[in-house]
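Understanding the architecture of this molecule
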Amino acid sequence: MTTGAQILLLVGLFVALLGGVPSVQANNESEYRLKAAFLYNFAKFVEWPPEAFANEEAPLLICIAGANPFGDALDTLSGKTVASHPVEVRHIPTATGLEPCHVVFIGRAEQGRFQALLAKLNHLPILTVSDIDDFARAGGMIGLVEAEQRIRFAVNLTVARQADLKLSSQLLKLAITVQ
Amino acid sequence: MAKYQSAMNKLPQELILLACMGITAVQVGAATPDLTRLSIEELMNVEIFSASKKTQKLFDTPAAAFVISREDIRRSGATSIPEALRMVPGVEVAQISASEWAISIRGFNGRFASKLLVLIDGRSVYTPLFSGVYWGPQDTVLLEDVESIEVVRGPGGTLWGANAVNGVINIRTRRTRDTQGALATVLGGDQESGAAFRYGDQLGENGHYRVYAKGFRRDALRDAEGDPAHDAWDQVQGGFRADWTLSGRDELTLQGDFYDGQPDQTLTIASLTPPSAPIVEDSVDLRGSNLLFRWKRQLGADSEWILQTYYDSNERHEIELDQRIDTFDIEFQHRFPWGGRQDITWGLGYRSVRDDLDGSFTVSFDPTNRRTELLSAFVQDEIRLLDDLWLTLGSKFEHNDYSGFEIQPTARLLWRADPHQSVWGAVSRAVRTPSRSDSDIRINVAGIPGTPPTLLSIFGNNDLASEELISFELGYRSEPRRDLSLDVTAFYNRYDQLINVEGSASFELTPPPPHVVLARTFGNLSEADTYGLEVALAWQPLDHWRLNAGYAWINIDARNDDPTRNVVRAAVQYEGKDPTHQFVLRSQWDLTRNLDLDLALYHVDDLPALNVPNYTRLDLRLGWRPRKDLEFSLVGQNLLDDHHREFTSFDLVGSEIPRSVYGKVVWRW
């Protein structure tokens, strides 16, 4: 049985190593599916001022400003609810008219103009989230950071407070930096 | 009445790989994951690359799974793995002495309980001697570095790429990149004291490592009068782990541990001259080390293979037996999608175990040295039948030197009724192959003075077949609101060919004086039906307050195949050693952002066969973090009574568990 065992094992290894399956590279799709889930979770830990919603059932708008890196990954959010508000996802390629949004995501492609965007949204009760480097330090509220193949986030509490948004302590506890 | 009698349980087995597959209890399941169901904490643990893989919530697992998180461990105040397991609904945890526990799932508990597979980072830690776990010395981890403990109740054979009759406990330590920097803990209390240190850093451009060392002393528990028992325990241990990520698709891990411990124990041995079953105080000397290497290659978003090999060597020297056991194990596993709706996992494993068992008059083995081999293969297919219906089919095949060829198939069905409810059912066959003790042991239990004297002895049987289980399970999960979840499992298990002992008599001339032997020999003589219910409820009434409740109920009916034979009654052998009802209630309350108040209340039913009354146990913990890198905690355990008994083992003189208090500091920099 010893020899049998070894032969079987070797054959198995061979099949696996050589016969293998075509390798596929990691893709952005999975990265943004993960980021979409973060967006949804952030929304659950933020308290907007009452005037941000017309009523209890008014939709919570998650907007993508400029280029949309998510593909259809954000579709999974539609139909979900945060508190009593149904989530609605909008893509706003021109990045104008963001005022009714509750969450605005700014993709890396907007690196050139995100400062101008933030200036426009300044003091509005809109949660700004981005994966642009140093986003939170540059005046955004939540910056997504890639660390060792996982996603972490930094929070700029000062900016959020100025916008009258309350971020839950649970969220702050998990942030890598809070400023 | 015997030493390794309930030892009769369990299989020297197997392949494993829960951990090394990276497929964890939370991950195995089916289909495209809905990441939005995960909490932020969970999301933070998802690797970007694996996000499209089967990262799945418990919710979509077609098995009775429960996960203890790092936070749960921290807030439980547990200082060892066995103590942390108390929180899992349906797991029976009973402490016998300072260094010994009886732990089981779905019945058959005992010091040598053997129907459970226990893994640390993919390395099996039960001893092939009796296929159970010496819980004390095997706790070779730094608790702060444990990522999670996944517990699967029920046969884990096929689905988990493992082989376990009544359950799988999978302890996973954190990746080294998550344990960078230094950590020091100091613990002091009236029952235990200890210190630990860990340091982690980068290793070249693509790697990280950590090293740790810890030492502790568990003071003696109590005897029935409340005086100190003879069971104090000192241990030192250390280890390392290194992980490399190469070219984005290869992950290599090398890790190892060693330990050296001296638990005291009080036990009965046999003698042909009076006194016939003297109680002796003994000091055990145990040492062990292991080295594990794992290579994981990502072939695509849903496809990977893993190659793992380890070597484990351990020694245990006690008055009745000096044992040394060396295990070499190599496993391979490959997972890939097939045709859009199927996901296939298959694997191969080989294990070689060599032992040296130098016995005594009380316990001896024939032969004293033995090398056994185990060869195994498994295949599993997860099929998405409909958008909300998944079928999992699989089987494990193995050949072992004790019972030959074994097959363990399973079929599982999961229906996601709506986004907030799922129902699953499973039918499985699992076997417990005979262990080295079942096959080759002789235990002299006691001598009875007289002319001639009489010796009561238990004999192994090298002709045993495996104990068999056919298991039926039905589960329901519901998450009606974000802050509320319910998990209910019902099971019905039919065991056949259970090992029991049959009596006979003979006469022996050696050792002198000549004596009558009343022999009891292992045989596949009994069968049993067990059924029960397990409930887990999690509720977060407030942002800063979490509650967990659990309940487990089990009923065991055992009988002998042939009532006319001279066999110990199956009811005596198998019933009354497991609590019929168990309750657990845990509360985690964040008083402020840096102050925790935690409570755990356990109620465990009586064990009539062992004369152990029911007990209620209360643990409290107060934790304070004045800074992010510094934590003080004060923990009171077993606060409701001075001392109580949790279990009685036949050979070991067990202890009672006293009320205890400790303080602990954790400092990171």
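Computed from a predicted model, the values in this text were never measured in an experiment. (Residues numbered from 1 in each chain as written. Chains lettered and ligands numbered in written order. Predicted model: local features only at pLDDT ≥ 70, side-chain atom pairs only at ≥ 80, totals over all residues. Heavy atoms only, no water.)

1. Here's the deal with the overall build of chain A
A count of helices and strands for chain A gives five helices and 10 strands. Expressed as a percentage of the 179 residues in chain A, the buried residues total 49%. Sequence separation of at least 24 residues holds for 60% of the intrachain contacts in chain A that already meet a minimum separation of 6. Accessible area of chain A: about 8300 Å², with a carbon and sulfur share of 56%. (Helix = DSSP H or I, 4+ residues; strand = E, 2+ residues; numbered from the N terminus. Buried < 20%, exposed > 50% of the residue type's maximum accessible area, 1.4 Å probe, protein only. Contact = heavy atoms within 4.5 Å. Areas by Shrake-Rupley, 256 points an atom, 1.4 Å probe, with all protein chains shown as cover.)

2. Here we look at the environment of Thr127 of chain B
Residues and elements named next belong to chain B. The residue Thr127 is located in the loop between strand S5 (123-124) and strand S6 (146-153) in this model. Under the relative-accessibility criterion, Thr127 is labelled buried at 7%. Remark: the alpha-carbon pair of Thr127 and Gly550, spanning 423 residues in sequence, is separated by 30 Å. Contact partners of Thr127, with chain neighbours within four places excluded, come to Gly132, Tyr134, Gln323 and Ile325.

3. Description of the side chain of Arg174 of chain B
By secondary structure assignment, the location of Arg174 of chain B is in the loop between strand S7 (167-173) and strand S8 (181-189). At a separation of 3.3 Å, a polar atom in the side chain of Arg174 of chain B contacts the side chain of Glu147 of chain B. (Polar contact = N/O pair within 3.5 Å; in protein donor to acceptor, adjacent residues only side chain to side chain.)

4. Observations concerning the confidence of the model for chain A
This prediction gives chain A a mean pLDDT of 80; 83% of its residues lie at or above 70. For residues 7-27 of chain A, every residue scores under 50 in pLDDT, and the model assigns this stretch 30 contacts once sequence neighbours within four places are set aside. (pLDDT = per-residue confidence, 0-100.)

5. Some points on the pattern of salt bridges
Taken as a whole and judged by the stated rule, the model has 70 salt bridges over all chains. The closest approach of N and O atoms between Arg565 of chain B and Glu502 of chain B, which form a salt bridge, is 2.7 Å. Placement of the pair is Arg565 of chain B in the loop between strand S28 (545-560) and helix H6 (570-574) and Glu502 of chain B in strand S26 (residues 484-508), with a sequence separation of 63 residues. Arg617 of chain B serves as the salt-bridge partner of Asp619 of chain B, at 3.3 Å between the closest nitrogen and oxygen. Using a relative accessible area of 3% as the deciding quantity, one classes Arg617 of chain B as buried. Each of the salt bridges in this network shares a partner with another, and the network as a whole consists of Lys173 of chain A together with Glu71, Arg74, Arg75, Arg546, Asp590, Asp596, Asp598, Arg621, Arg625 and Glu631 of chain B. (Salt bridge = Lys/Arg side-chain N within 4 Å of Asp/Glu carboxyl O.)

6. As for the sheet that holds S6 of chain B
Judged by pairing direction, the sheet is mixed, and its five strands sit side by side in the order S1-S6-S7-S4-S5 (chain B) without closing on themselves. The open sheet has two edge strands, strand S1 (64-69) and S5 of chain B, and neither has a second partner. (Pairing = 2+ DSSP bridges.)

7. What to know about the sheet that holds strand S2 (residues 60-65) of chain A
All names here are of chain A. Strand order in the open sheet formed by eight strands is S3-S4-S2-S5-S6-S7-S8-S10, and the pairing between neighbours is mixed. Two strands lie at the open edges of the sheet, namely strand S3 (81-82) and strand S10 (177-178), each paired on one side alone. When strand S8 (residues 150-155) meets S10, the two strands line up parallel, connected through two bridges. By the bridge assignment, Ala154 is partnered in S10 with Thr177. The sheet contacts of helix H3 (residues 114-121) involve S2, strand S5 (103-106) and strand S6 (127-130), and relative to S5 the element is tilted by about 170°. (Axes fitted to C-alpha atoms, helices over the stretch in contact; angles between N-to-C directions.)

8. Let's talk about the state of the cysteines
Residue and element names in this part refer to chain A. Taken as a whole, this structure holds one disulfide over all chains when the rule is applied. Put simply, Cys63 and Cys101 are joined by a disulfide, and their sulfur atoms are 2.0 Å apart. One disulfide, between Cys63 and Cys101, carries an S-S torsion of -95° and so falls in the left-handed class. Of this pair, Cys63 sits in strand S2 while Cys101 sits in the loop between strand S4 (85-92) and S5, and the two are 38 residues apart along the sequence. Look at Cys63 and you get buried, because its relative accessible area is 0%. (Disulfide = S-S within 2.5 Å.)

9. With respect to the nonpolar core
Counting 47 residues, the largest nonpolar core has Phe42, Leu127, Phe153 and Leu167 of chain A as its most contacted members. With nine residues, the top contributor of residues to this core is helix H2 (residues 28-44) of chain A. (Core = buried A, V, L, I, M, F, W, Y, C linked by side-chain atoms within 4.5 Å.)

10. Quick word on unusual backbone geometry
Cis peptide bonds are those with omega within 30 degrees of zero, and the linkage from Asp366 of chain B to Pro367 of chain B qualifies with 0°. Note on placement: Pro367 of chain B falls in the loop between strand S18 (363-365) and strand S19 (369-386). Each neighbour pair has its own omega, and for Pro512 of chain B with Pro513 of chain B the value is -5°, a cis peptide bond. Looking at the element boundaries, Pro513 of chain B is found in the loop between S26 and strand S27 (515-542). Positive phi, normally seen in glycine, also occurs at Asp164 of chain A, with a value near 70°.

11. Notes on the pairing of S19 of chain B
All names here are of chain B. With 15 bridges joining them, strand S17 (residues 342-359) and S19 adopt antiparallel strand pairing. Within the sheet, the bridge partner assigned to Ser352 lies in S19 and is Glu373. Direction of pairing for S19 relative to strand S20 (residues 389-400): antiparallel, over a ladder of 12 bridges. Across the sheet, the residue bridging to Arg384 is Trp390, located in S20.

12. Structural notes on a nonpolar patch on the surface
Residues and elements named next belong to chain B. Residues Phe197, Tyr199, Val211, Phe240, Leu291, Trp667 and Trp669 make up a contiguous nonpolar surface patch of about 650 Å² in total accessible area. With respect to the secondary-structure elements, Phe197 resides in strand S9 (residues 192-203). On the accessibility criterion, Phe197 (37% relative accessible area) is partly exposed. (Patch = residues over 30% accessible without salt bridge, like charges linked within 9 Å, V, L, I, M, F, W, Y side chains within 5 Å.)

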